[in-house]
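Chain by chain, the residues run as shown.
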Amino acid sequence: METFIITVDGTYACFTRPEMKAERVSYDVITPSAARAVYEAIFWKPAINWIITQIEVLNPIQFTNIRRNEVGCVISSRNVTQAMNNGSGNLGIYIEDERQQRASVLLKDVKYRLHAQMKIKPEALAQNSTTKMHEMFNRRVSKGQCFMQPYLGCREFPGYFSLSSSEEKVQPISKTDDLGWMLYDMDYSQANIPMPRFFRAKMINGRIQVPSPDSMEIRG
């Protein structure tokens, strides 16, 4: 199966650890789910799934701390239901009443080389040519086209992408480390109950091999 390689970089990134509740703390590197979102922002169709196979870290891992104003609540589903049933309702959030200042531990000056495979769903193979899909993706990346601006964990941190290859002279950082359990992706196989799935991320000379979705290495 063909591998599609892109380079993505940005000034800031935050791939939030789910175990951190009040404050945002980023993983050391981009997660497979965030990498998949980058590919989907460039090219997505209901007929395809993107599967991340490898992450290469090209810039040294650097953290920084900032404080941000955030809204401390969300509109309740109960209020939304009542408004829909009544035909009207007050669904606004008053920022001055709900503003909270929170600290965030972010990554800065990030750059990754991402490897992914495009999997066309079996029921869609008859209507979609594999070659055509591959050419469409490569054309969009080479022209800088995307359905929406890719982001690095949070939407306020845009990611900038370009077509890449495994033969480029830029090499990953020379760092080997066990990054611990990392979020792989969310499992939506059970209706209305998304479940997080994790894998043990090990970086060897700046490269992280991502297991396949059906691998026994993925827990959750």
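Parameters at a glance
- Residues numbered from 1 in each chain as written.
- Predicted model: local features only at pLDDT ≥ 70, side-chain atom pairs only at ≥ 80, totals over all residues.
- Heavy atoms only, no water.
- Helix = DSSP H or I, 4+ residues; strand = E, 2+ residues; numbered from the N terminus.
- Buried < 20%, exposed > 50% of the residue type's maximum accessible area, 1.4 Å probe, protein only.
- Contact = heavy atoms within 4.5 Å.
- Areas by Shrake-Rupley, 256 points an atom, 1.4 Å probe, with all protein chains shown as cover.
- Lys, Arg positive; Asp, Glu negative; His and termini not counted.
- Charge placed at Lys NZ, Arg CZ, Asp CG, Glu CD.
- Patch = residues over 30% accessible without salt bridge, like charges linked within 9 Å, V, L, I, M, F, W, Y side chains within 5 Å.
- Salt bridge = Lys/Arg side-chain N within 4 Å of Asp/Glu carboxyl O.
- 1 Å grid on protein atoms, 1.4 Å probe; cavity = no way out; pocket = protein on both sides within 12 Å on 5 of 7 lines; lining within 4 Å.
- Points joined across faces, edges and corners; volume = space filled by probe spheres on them.
- Nonpolar A, V, L, I, M, F, W, Y, C, P; charged D, E, K, R; others polar.
- Disulfide = S-S within 2.5 Å.
- Polar contact = N/O pair within 3.5 Å; in protein donor to acceptor, adjacent residues only side chain to side chain.
- Phe/Tyr/Trp six-rings, centres within 6.5 Å; stacked < 30°, edge-to-face > 60°.
- Lys NZ or Arg CZ within 6 Å of the ring centre and 35° of its normal.

(A) Quick look at the overall build of the protein. When its secondary structure is counted, the protein shows four helices and 11 strands. The dimensions of the protein, computed from C-alpha atoms along their principal axes, are 55 × 45 × 40 Å. Expressed as a percentage of the 220 residues in the protein, the buried residues total 38%. In the protein, the proportion of contacts linking residues at least 24 apart, taken out of those at least 6 apart, comes to 74%. Accessible surface for the protein amounts to roughly 13,000 Å². Of this, 49% is attributable to carbon and sulfur atoms. Of note, the protein has its 27 positive side-chain charges centred 2 Å away from the centre of its 23 negative side-chain charges.

(B) Representation of a nonpolar patch on the surface. Together, Val71, Ile75, Val80, Met84, Leu91, Ile93 and Ile95 make up an exposed nonpolar region whose accessible area comes to about 550 Å². Here Val71 lies in strand β4 (residues 63-71). For Val71, a relative accessible area of 38% gives the class partly exposed.

(C) Region of the structure containing empty space enclosed by the protein. Evaluation of the coordinates by the stated rule reveals one cavity of 30 Å³ or more. Within this model, the largest cavity holds a volume of roughly 50 Å³. In terms of residue count, the dominant contributor to the lining of the largest cavity is strand β5 (residues 99-120) (six residues). Grouping the amino acids of the lining of the largest cavity by side-chain chemistry returns six nonpolar, two polar and four charged.

(D) Looking closely at the state of the cysteines. Following the criterion strictly, the structure yields zero disulfides and no others. There is no disulfide at Cys146, and the cysteine sulfur nearest it, in Cys154, is 18 Å away. For the unlinked cysteine Cys154, the closest cysteine sulfur is that of Cys14, found at 4.5 Å. Cys154 sits in the buried class, given a relative accessible area of 7%.

(E) Structural view of the side chain of Arg113. Looking at the element boundaries, Arg113 is found in strand β5. Arg113 sits in the buried class, given a relative accessible area of 1%. Polar contacts involving the side chain of Arg113 include one to the side chain of Glu56, which spans 2.9 Å. A distance of 2.9 Å separates a polar atom in the side chain of Arg113 from the backbone oxygen of Val170.

(F) Spatial organisation of the packing of aromatic side chains. Under the criterion given, the structure shown has eight aromatic pairs. Between Tyr39 and Trp50, the aromatic rings sit 4.9 Å apart at their centres with planes inclined by 35°, giving tilted as the arrangement. Taken together, the residues Tyr39 in helix α1 (residues 32-42) and Trp50 in strand β3 (residues 48-57) connect sequence positions 11 residues apart. Take Trp50: its relative accessible area is 5%, and that puts it in the buried class. A network of ring pairs unites the aromatic residues Phe4, Tyr39, Trp50 and Phe137 as a single cluster. Note that Arg140 overlies the ring of Phe147, its terminal NZ or CZ placed 4.1 Å from the centroid.

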